[in-house]
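What follows is each chain in one-letter form.
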Amino acid sequence: MKPHIFWRYLLLFVCLGCASDSGLGPLIDAQRRYAAQGASPSEWVSLGEAFEAQEPNAGCEALFGAAISYYDADAMARAAATFERLLSDYPNSPRLPETLYFLAVAYEELERSAEATRMLSRLVREFPGNQYAKEAAHYLSGVAGGVLIRGAGQGGARSRWIVVDAGHGGIDPGAIGRGGRQEKEIVLDVARRLSEILSRSGYDVLLTRGEDRFVPLLRRNRMGRHRQTGVFVSLHVNWARLSSASGIETWVAPLSHPEFAALPPETASRIYEENRAFAEIAQRTLTVKTGAKDRGVKEAAFKALRGLRVPAILVEMGFLSNRSEAARLELSSYRQLLAEGLARGILSYIERSNASS
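About the cut-offs
- Residues numbered from 1 in each chain as written.
- Predicted model: local features only at pLDDT ≥ 70, side-chain atom pairs only at ≥ 80, totals over all residues.
- Heavy atoms only, no water.
- Helix = DSSP H or I, 4+ residues; strand = E, 2+ residues; numbered from the N terminus.
- Buried < 20%, exposed > 50% of the residue type's maximum accessible area, 1.4 Å probe, protein only.
- Contact = heavy atoms within 4.5 Å.
- Pairing = 2+ DSSP bridges.
- Axes fitted to C-alpha atoms, helices over the stretch in contact; angles between N-to-C directions.
- Parallel < 35°, antiparallel > 145°, perpendicular 65-115°, else oblique.
- Left-handed = near helix turned anticlockwise from the far one by under 90°.
- Nonpolar A, V, L, I, M, F, W, Y, C, P; charged D, E, K, R; others polar.
- Phe/Tyr/Trp six-rings, centres within 6.5 Å; stacked < 30°, edge-to-face > 60°.
- Lys NZ or Arg CZ within 6 Å of the ring centre and 35° of its normal.
- pLDDT = per-residue confidence, 0-100.
- Expected span 1.5 Å × (residues − 1).
- Arc of directions from axis to C-beta.

### Observations regarding the overall build of the protein
Each helix and strand counted, the protein has 15 helices and 7 strands in total. Considering the protein as a whole, with its 357 residues, one finds that 56% of them fall into the buried category. Taking contacts inside the protein between residues at least 6 apart in sequence as the whole, the part at least 24 apart equals 75%.

This is the structure:
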């Protein structure tokens, strides 16, 4: 799996201007290494604690590094608390715009939407023109709420929505290839191509983002929970430490996921089996269409998939860390093959489901 690299660009800027003897240098190096190569949640938490230990000398920069580390550990409550402490202890910090924005993102992940809105509104009000304020304005305006594309011919009456989630976006570039190509660009292009094919086939398609904007995972997940959603597909591009890694893989939420455990056993089993069936069809049609290596169907508790009660998959369409595969992903013709393979899989699954119902 590729590492969680939401913060890749931000890490390049953490501690600019810090004194060389602040003690943060080795921690910054570790943070960049973790972002590039991956790290366990416990490693990220330990790094965050190491940053916090430097706070008396390094001030806001240490707390900012700690909050980032806690976020990457998926310790959202701890990340929010650290950002809150930064706001309280360093109210005039040059990190204030970033802190307000990412505190809002953490609040959103914690389902504290009112507080998230308050932080974003303050950001727009106090820092007009700032890049994070622009993102906040789009967030508040509802631009991050998805783009519905109506199906042709029958007005989309053939099914409920097919939700297509183009991963990452905006300030979150995702994986970055050797030539600088960003995951967010590739997946958005494939998502647009896929939505065009599906809408021509008469299906309504909801894009979680129709442009280069950051949409928090919780909002993406909520679109998958909408009463009109029929199936959910999240698109990503992979990254690995070994440059030889290649191929396509499709992921589903494991039956052991806590949100499955909260359901009646028969309901949980039915949803899980539907996810597996959907994933296997999509994996097969994608690899046949593109000729890419088949890495199979796998399971992980991705946030985008959590708690969804409709068939839901996450597709990793290749490796930007692999030179030849990255070159293929650069090609418009190859991205069209990906879209066509995915469309065939989605439509095959829906037709099969309709026939058996």
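### Here we look at the sheet that holds strand S4 (residues 229-238)
Sheet architecture is open: 7 strands sit in the order S1-S3-S2-S4-S7-S5-S6, paired in mixed fashion. Every other strand in the sheet has two partners, leaving strand S1 (147-149) and strand S6 (294-299) as the edge strands with one partner each. Here the strands of the sheet are splayed against their neighbours by 20° on average, with no regard to which way each runs. Across 3 bridges, the pairing between strand S2 (residues 161-166) and strand S3 (residues 205-207) is parallel.

### Remarks on unusual backbone geometry
Peptide bonds are mostly trans, and most non-glycine residues show a negative phi. The backbone phi angle of Asp 74 is positive, close to 65°, even though this residue is not glycine. Topologically, Asp 74 is positioned in the loop between helix H5 (60-72) and helix H6 (76-89). Phi at Glu 111 is positive, roughly 60°, even though this residue is not glycine. Tracing the backbone shows Glu 111 in the loop between helix H7 (96-109) and helix H8 (113-126). For Glu 111, a relative accessible area of 57% corresponds to the exposed category.

### Observations concerning the packing of helix H3 (residues 41-53) against H5
Put simply, H3 and H5 touch, their axes get as near as 8 Å, and they point 170° apart. What the angle tells us is that H3 and H5 run roughly antiparallel. Our pair here, H3 against H5, has a crossing hand that is left-handed. On the side of H3, the interface is formed by Trp 44, Val 45, Leu 47, Gly 48, Glu 49, Phe 51 and Glu 52, while H5 contributes Ala 62, Leu 63, Gly 65, Ala 66, Ser 69, Tyr 70 and Asp 72. Considering only residue class, the contact of H3 with H5 consists of 8 nonpolar, 3 polar and 3 charged.

### Some thoughts on the packing of aromatic side chains
Counted according to the given criterion, the structure contains 7 aromatic pairs. Summarising the aromatic geometry, the rings of Trp 251 and Phe 302 are spaced 5.4 Å apart at their centres and angled 80° between planes, so their arrangement reads as edge-to-face. Of this pair, Trp 251 sits in strand S5 (residues 248-252) while Phe 302 sits in the loop between S6 and strand S7 (312-319), placing them 51 residues apart in sequence. Among the residues examined, Trp 251 registers a relative accessible area of 8% and is labelled buried. A relative accessible area of 22% means that Phe 302 is categorised as partly exposed. Aromatic ring contacts, followed pair by pair, group Tyr 101, Phe 102, Tyr 132 and Phe 214 into a single cluster. The ring of Tyr 334 has Arg 328 lying over it, and the distance from NZ or CZ to the ring centre is 5.8 Å.

### Here we look at the confidence of the model for the protein
Interpretation of this model should avoid reading the predicted coordinates in detail wherever pLDDT is low. Of the residues in the protein, 89% have a pLDDT of 70 or more, and the chain-wide mean is 87. Segment residues 1-21: pLDDT under 50, and 65 contacts once partners within four positions in sequence are set aside and those in other chains are kept.

### Regarding the packing of helix H14 (residues 323-330) against helix H15 (residues 332-356)
When two helices pack together, their arrangement is captured by the angle between the axes and the distance separating the axes. One can describe the packing of H14 onto H15 by two numbers: an axis separation of 5 Å at closest approach and a directional angle of 85°. Relative to H15, the element H14 is oriented roughly perpendicular. Across the interface between the two elements, Arg 328, Leu 329 and Glu 330 from H14 touch Ser 332, Tyr 334, Arg 335 and Leu 338 from H15. Tallied by class, the residues present in the contact of H14 with H15 amount to 3 nonpolar, 1 polar and 3 charged.

### Some remarks on H6
For H6, with 14 residues, the first-to-last C-alpha span of 20 Å sits near the 20 Å given by 1.5 Å per residue. Those residues of H6 that sit buried are Met 76, Ala 79, Ala 80, Thr 82, Phe 83, Leu 86 and Leu 87. One side of H6 holds all its buried residues, which, seen down the axis, span an arc of 160°. Those residues of H6 that are exposed and angled more than 90 degrees off the buried face are Ala 77 and Ser 88.

### Quick look at the pairing of S4
Burial runs high along S4: 10 of the 10 residues are buried. Sheet analysis places S2 next to S4, joined by 6 bridges and oriented parallel. Residue pairing for S4: Val 164 is matched across the bridge by Val 233. With 6 bridges connecting them, S4 and S7 associate as parallel partners. When the sheet's bridge partners are listed, Leu 235 is paired in S7 with Val 315.

### Details of the environment of Pro 173
Note that Pro 173 resides in the loop between S2 and helix H10 (183-200). With 12 residues separating them in the primary sequence, Pro 173 and Glu 185 have C-alpha atoms 8.0 Å apart.

### Comments concerning H15
With 25 residues, H15 extends 36 Å between its outermost C-alpha atoms, agreeing within 8% with the 36 Å of an ideal straight helix rising 1.5 Å per residue. Taken together, the buried positions of H15 are occupied by Tyr 334, Arg 335, Leu 338, Ala 339, Gly 341, Leu 342, Ala 343, Gly 345, Ile 346, Leu 347, Tyr 349 and Ile 350.

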